[in-house]
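# Observations on chain architecture
Here's the letter readout for the chains.
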Amino acid sequence: MSKFLKITAVLMLCVTVLSLGACKSDKPIDTDATTSVTTTPAETTAPETTVPETTNAPVGVNLYAVYEPVRAYDENGDEVELYWAFGTGYRDYGGILELNEDKTFLISIGVNKGDGVGEYSLTAEDEITLNYTNGKTDTIKITKVEDNIATELLVHYNGFDVVFC
């Protein structure tokens, strides 16, 4: 399968995930939090169960995808508009986080200065380490996994916490 077809398939998956509301929460997901869910069918009552809000990414989770920024949070944890955080560069150029099968990455929001490239590795069940070509290192938090595919990532980028889907 050509790289173009893979990227097209991934973009279609992202659109599907977004349309299903996978990335529409108000805040980045806290991977330590749990939610209590009680179901009550018409004839029987199911027991109360605790369902984790996130699924940690097992080794081998599919990370190869093209993600887009969907939300940003300032240093106080308040949601801010992506345009407000990244200005006209975001309006004109958008944003991208691309994790490739050969373990290389590209990350850019707004004007790309060419320094958002390097190699990445899965360093924990829910963490990806970015090693930029300029020597800088960052960590991405995997905040949502569905069907063994990372569908939501949290990245600290230029002073903001940015959610990519």
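Keep in mind that this is a model prediction, so the values were computed, not measured.

How each quantity is defined
- Residues numbered from 1 in each chain as written.
- Predicted model: local features only at pLDDT ≥ 70, side-chain atom pairs only at ≥ 80, totals over all residues.
- Heavy atoms only, no water.
- Phe/Tyr/Trp six-rings, centres within 6.5 Å; stacked < 30°, edge-to-face > 60°.
- Helix = DSSP H or I, 4+ residues; strand = E, 2+ residues; numbered from the N terminus.
- Buried < 20%, exposed > 50% of the residue type's maximum accessible area, 1.4 Å probe, protein only.
- Expected span 1.5 Å × (residues − 1).
- Arc of directions from axis to C-beta.
- Contact = heavy atoms within 4.5 Å.
- Core = buried A, V, L, I, M, F, W, Y, C linked by side-chain atoms within 4.5 Å.
- pLDDT = per-residue confidence, 0-100.
- Pairing = 2+ DSSP bridges.

What follows deals with the packing of aromatic side chains. If you walk through the whole model with that rule in mind, you get 4 aromatic pairs. Consider the rings of F86 and F160, whose centres lie 5.5 Å apart with planes at 65°: the pair is edge-to-face. Of this pair, F86 sits in helix α2 (residues 82-93) while F160 sits in strand β12 (residues 160-164), and the two are 74 residues apart along the sequence. The two residues F86 and F160 agree in class, both being buried.

Every α-helix carries 3.6 residues per turn, so stepping three or four residues along brings you back to the same face. Between its terminal C-alpha atoms α2 stretches only 12 Å, short of the 16 Å expected from 12 residues at 1.5 Å a residue. Of the residues making up α2, those classed as buried are L82, A85, F86 and G89. Along the long axis of α2, the arc covered by the buried residues comes to 125°, so they all point the same way. What points out from α2, more than 90 degrees from its buried face, is the exposed set W84 and R91. Those residues of α2 that are buried lie in contact with β4 (69-73), β5 (79-80), β7 (104-109), β11 (149-157) and β12. Positioned one or two residues after α2, G94 has a phi angle of 70°, which is positive.

Turning our eyes to something else, we now look at the nonpolar core. The biggest cluster of nonpolar side chains holds 28 residues, and the ones touching the most others in it are L97, L99, I128, L153 and V162. Put simply, the parts of the chain that give this core at least two residues each are β3 (65-67), α2, β6 (95-99), β7, β9 (127-132), β10 (137-146), β11 and β12. Top contributing element to this core by residue count: β11, with 4 residues. Sequence-distant contacts of V162, that is, excluding residues within four places in its chain, are made with P69, R71, A72, L82, F86, I109, L153, L154, V155 and Y157.

Here we come to the confidence of the model for the protein. Residues at a pLDDT of 70 or more form 64% of the protein, whose mean pLDDT is 74. Per-residue pLDDT stays below 50 along residues 25-58; that stretch engages in 54 contacts with residues further than four places along the chain or on separate chains.

Looking now at unusual backbone geometry. If you check the backbone angles, D147 has positive phi at about 50° while not being a glycine. Counting through the fold element by element, D147 comes out in the loop between β10 and β11. Judged by its relative accessible area of 76%, D147 is exposed. With phi around 65°, N148 is a residue other than glycine that occupies positive phi space. Assessed through its relative accessible area of 39%, N148 is described here as partly exposed.

This part is about the sheet that holds β12. Across a sheet, strands are paired by hydrogen bonds formed along the backbone, either parallel or antiparallel in direction. What the 10 strands build is an open sheet, ordered β3-β6-β7-β8-β9-β10-β11-β12-β4-β5; its pairing is antiparallel. The sheet is open, and its two borders are formed by β3 and β5, each paired with just one other strand. As judged from the 6 bridges shared by strand β8 (residues 117-124) and β9, these two strands associate in the antiparallel manner. Residue pairing across strands places G118 opposite Y132, the latter belonging to β9.

On to the pairing of β12. Of all 5 residues making up β12, 4 are buried, and the element is well covered by its neighbours. Here 4 bridges tie β4 to β12, and the two strands are oriented antiparallel to one another. Bridge assignment links Y73 to a residue of β12, and that residue is D161. The pairing of β11 with β12 spans 5 bridges and is classified as antiparallel. Counted as the bridge partner of L153 is F164 from β12.

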